[in-house]
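Examining the three-dimensional arrangement
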Amino acid sequence: MKHRKSENFSEWYVEVVEEAGLAGYAPVKGTIYLLPYGYEIWELIRSHLDKRFRESGHRNAFLPVLIPESLLRKEAEHFKGFTPEVFWVTHSGDDPLGERLAVRPTSETLFYATFGGAIKSWRELPVLVNFWNSALRAEIKSTKPFIRTSEFLWQEGHTIHATREEAEEEVMRMLRIYREVIEEKLAIPVVAGYKSELEKFVGAVYTTTLEAVMPDGKVLQMATSHNLGQNFTIPFEVRYLGPDGKMHYAWSTSWGLSWRVIGAVIMVHGDDRGLRLPPEIAPIQVVIVPIHYKEEERALVLEKCREVARRLADAGIRVHLDDRTEYTPGWKFNEWELKGVPLRAEIGPKEVEGGRVTLARRDALTRVAVSDAELVESVRRLLDEIQRSLYESAKRFLLEHITDARSLEEFSRVLEEKGGFVRATYCGSKECEAAIKELTGATVRVIPFDPEPILSNCVYCGGEGKVTAYFGRAY
């Protein structure tokens, strides 16, 4: 690694993305392509989420990428919010289209025009649908792989309900699922709560969010779940015949998580050697590196390596045997550390003779010898320890970067010197919130579900303090 995380965070991050074989820059500005290793990480994250979605009654479906402009305009506030980011298709070949087509920035409007339009009776509710797709938004400035790109992979869930109460339950249920996956599988602790009126999703009644602190002091939105009320169902005439024989407008939600969580994993867990992947989302959990210095030792060492690989694979552990002969063991150690593989199994003549395997932890850079008989149990235990250790380290960092501020001067000083979340009280007005953003570059990232104690008067205007929120400079 040419760059150090503590010295040039931005360059370090891009170097890890490229050198670890995750992604590269595509020909169109603001876009990236995923290499197999990067896509495999996304597939594992997707599998964890998809399992939770299916268990909670959601089904996957498909929507096209093109949306007629007339559909977007049916929900005026939503359309206004996305207009600056929309890519437009205006021609078919050399012929101009009669109506501009938006390349999907998000799918709410298309969802209600299709799935919503098919609803007739209360018996067909709720509609619980999820889409795994890509979306495009015109991000051509300040781009960063995974974090901010013009096209990104994500999932977007959309649901339609008979009552307000059912929709509200859905919003919180999906946020809980996100939190479980992010904290338990990605090993990244988050702060949960509401978005402010200025920061909520365009067209939502309210937005719930999960926010995390990155090592450079900036804050990253990890996932959101929105209560859309009837803001889309009324314009799109999504109604149902109720048990009372009357027509009613439905209630709806949407929720989403994108590949920016891969960027968060890189930032939070990576070090000067490269990636450190939590075992739950590591494409390779154990890499086996043969160590033999004499040709006559090679056959016995490889035989044991293959046997270890078979035992681990049979136990459901994702394992890879690196038996390339053109690279030295030391070169392989560096490569797999760069790729963040949680455990390395070193097997040489001494391990063959002693009936053991040497295991090296990527997170702590420690090594331990385990007997062949205890191999599978030891690997499982170490993988669990690595997963837990990465989370606990990130949790300590998060807690250390939540700082109270009772004045604008203190607020600004914390942002400049420390970063992270600044917990402060303000009057709750959009005017003061906008002024704080203009002056400091910090926005309200999250308002906790359970109101926190009032710390002071409004840090901006000095008026009565009504809301204690977590502010931060965000990606």
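Note that the structure is a prediction, hence the values are computed from the model and not measured. (Residues numbered from 1 in each chain as written. Predicted model: local features only at pLDDT ≥ 70, side-chain atom pairs only at ≥ 80, totals over all residues. Heavy atoms only, no water.)

1. Digging into the sheet that holds strand 14 (residues 251-258)
For the record, the criterion: One requirement defines pairing of two strands: DSSP has to find at least two bridges between them. By the criteria applied, helices consist of DSSP H or I runs no shorter than four residues and strands consist of E runs no shorter than two, each listed in order from the N terminus. Note on geometry: axes are lines fitted to C-alpha atoms, helical ones only across the stretch in contact, with angles between N-to-C directions running from 0 to 180 degrees. Any two residues whose heavy atoms approach within 4.5 Å are treated as being in contact.
Ordered by their spatial adjacency, 11 strands build an open sheet running 3-7-8-14-11-10-9-22-23-21-20, and the pairing between neighbours is mixed. The open sheet is flanked by strand 3 (59-61) and strand 20 (402-404), the only strands paired with a single partner. When strand polarity is set aside, the average angle formed by the axes of neighbouring strands in this sheet is 35°. For strand 21 (residues 421-426) and strand 23 (residues 467-472), the ladder comprises 5 bridges, and the chain directions are antiparallel. In the sheet register, Val 422 faces strand 23, and the bridge partner there is Phe 471. Along the sheet, helix 7 (residues 260-269) contacts strand 10 (206-213), strand 11 (219-229) and strand 14; its crossing angle with strand 11, the most-contacted strand, is approximately 150°.

2. Remarks on helix 11 (residues 375-400)
To be explicit about the condition: A helix is expected to span 1.5 Å multiplied by its residue count minus one. For the exposure calls, accessible area comes from a 1.4 Å probe over protein chains only, and a residue counts as buried if that area is under 20% of its type's maximum, exposed if over 50%, partly exposed in between.
For helix 11, spanning 26 residues, the distance from its first C-alpha to its last is 37 Å, which sits close to the expected 38 Å at 1.5 Å a residue. Considered for burial, the residues of helix 11 that qualify are Leu 375, Val 376, Ser 378, Val 379, Leu 382, Leu 383, Ile 386, Gln 387, Leu 390, Ala 394 and Leu 398.

3. With respect to the packing of aromatic side chains
Going by this rule: Working definition: rings of Phe, Tyr and Trp (its six-membered ring) pair if their centres are within 6.5 Å, and the pair is stacked with planes under 30 degrees apart, edge-to-face with planes over 60 apart, and tilted otherwise. Remark: a charge is flagged as sitting over a ring if the NZ atom of Lys or the CZ atom of Arg is within 6 Å of the ring centre and within 35 degrees of the ring normal.
Taken as a whole and assessed by the stated rule, the structure comprises 20 aromatic pairs. Taking the centre distance of 5.0 Å and the plane angle of 75° together, the rings of Phe 111 and Tyr 112 count as edge-to-face. By relative accessible area, which is 0% here, Phe 111 ends up buried. Ring centres of Tyr 194 and Phe 449 lie 4.8 Å apart, and the angle between their planes is 85°; this geometry places the pair in the edge-to-face category. Taken as a pair, Tyr 194 in strand 9 (residues 191-194) and Phe 449 in the loop between strand 22 (443-448) and strand 23 lie far apart in primary sequence, 255 residues in all. In this structure Phe 449 comes out as partly exposed when scored by relative accessible area, which is 27%. Through a chain of ring-to-ring contacts, the aromatic side chains of Phe 111, Tyr 112, Phe 115, Phe 131, Phe 232 and Phe 236 assemble into a single cluster. In this arrangement the basic side chain of Lys 218 is found over the ring face of Tyr 475, its NZ or CZ atom lying 4.9 Å from the centre. Taking the ring centre of Phe 333 as reference, the NZ or CZ of Arg 344 above it sits at 3.9 Å.

4. Description of the environment of Gly 98
Its location among the elements puts Gly 98 in strand 6 (residues 95-103). When the C-alpha positions of Gly 98 and Arg 73 are compared, they lie 16 Å apart, and in sequence the two are 25 residues distant.

5. Observations concerning unusual backbone geometry
Cis peptide bonds are those with omega within 30 degrees of zero, and the linkage from Leu 125 to Pro 126 qualifies with 0°. The topology assignment puts Pro 126 in the loop between helix 5 (108-114) and strand 7 (127-136). Backbone geometry places Ala 187, a non-glycine residue, at a positive phi of 60°. Within the secondary structure, Ala 187 is located in the loop between helix 6 (164-184) and strand 9. Judged by relative accessible area, which is 0%, Ala 187 ranks as buried. A positive phi angle, near 55°, is found at Glu 237, a position not held by glycine. Looking at the element boundaries, Glu 237 is found in the loop between strand 11 and strand 12 (239-241). You can call Glu 237 partly exposed: its relative accessible area is 46%.

6. Some remarks on the packing of helix 2 (residues 36-55) against helix 6
When two helices pack together, their arrangement is captured by the angle between the axes and the distance separating the axes. Rules: Should an angle fall under 35 degrees it is taken as roughly parallel, and over 145 as roughly antiparallel, whereas 65 to 115 is taken as roughly perpendicular and any remaining angle as oblique. Two helices crossing with the near one rotated counterclockwise from the far one by less than a right angle form a left-handed crossing, whereas a clockwise rotation gives a right-handed crossing. Under this grouping Gly is polar, as are all residues other than the nonpolar Ala, Val, Leu, Ile, Met, Phe, Trp, Tyr, Cys and Pro and the charged Asp, Glu, Lys and Arg.
The interhelical angle for the contact between helix 2 and helix 6, taken along N-to-C directions, is 150°, at an axis separation of 10 Å. Accordingly, the angle class assigned to the pair helix 2 and helix 6 is roughly antiparallel. As for how helix 2 packs across helix 6, the hand of that crossing is right-handed. Contacts from His 48, Leu 49, Arg 52 and Phe 53 in helix 2 reach Met 174, Ile 177, Tyr 178, Glu 180, Val 181 and Glu 184 in helix 6. Residues belonging to the contact of helix 2 with helix 6 are distributed by class as follows: 6 nonpolar, 1 polar and 3 charged.

7. With respect to the environment of Ala 315
Inspection of the secondary structure puts Ala 315 in the loop between helix 8 (295-314) and strand 16 (319-321). When the C-alpha atoms of Ala 315 and Gly 465 are compared, they prove to be 57 Å apart, with 150 residues separating the residues in sequence. With residues up to four places along the chain from it excluded, the contact list for Ala 315 reads Val 376 and Arg 380.

8. Quick look at the nonpolar core
Here is the rule we go by: The nonpolar core is taken to be a set of buried Ala, Val, Leu, Ile, Met, Phe, Trp, Tyr and Cys residues, with the residues joined through side-chain atoms within 4.5 Å.
Phe 146, Met 222 and Ile 266 are the most contacted members of the largest nonpolar core, which totals 62 residues. Element by element, the count of residues in this core is highest for helix 7, at 7 residues. Ignoring anything within four residues of it in the chain, the contact list for Ile 266 reads Trp 12, Tyr 13, Val 16, Val 17, Leu 22, Phe 146 and Leu 275. In terms of nonpolar packing, the next biggest core, distinct from the first, is built from 25 residues, Leu 71, Leu 110, Phe 131 and Phe 232 among them.

From the geometry alone we can't say anything about function, so treat these as descriptive.
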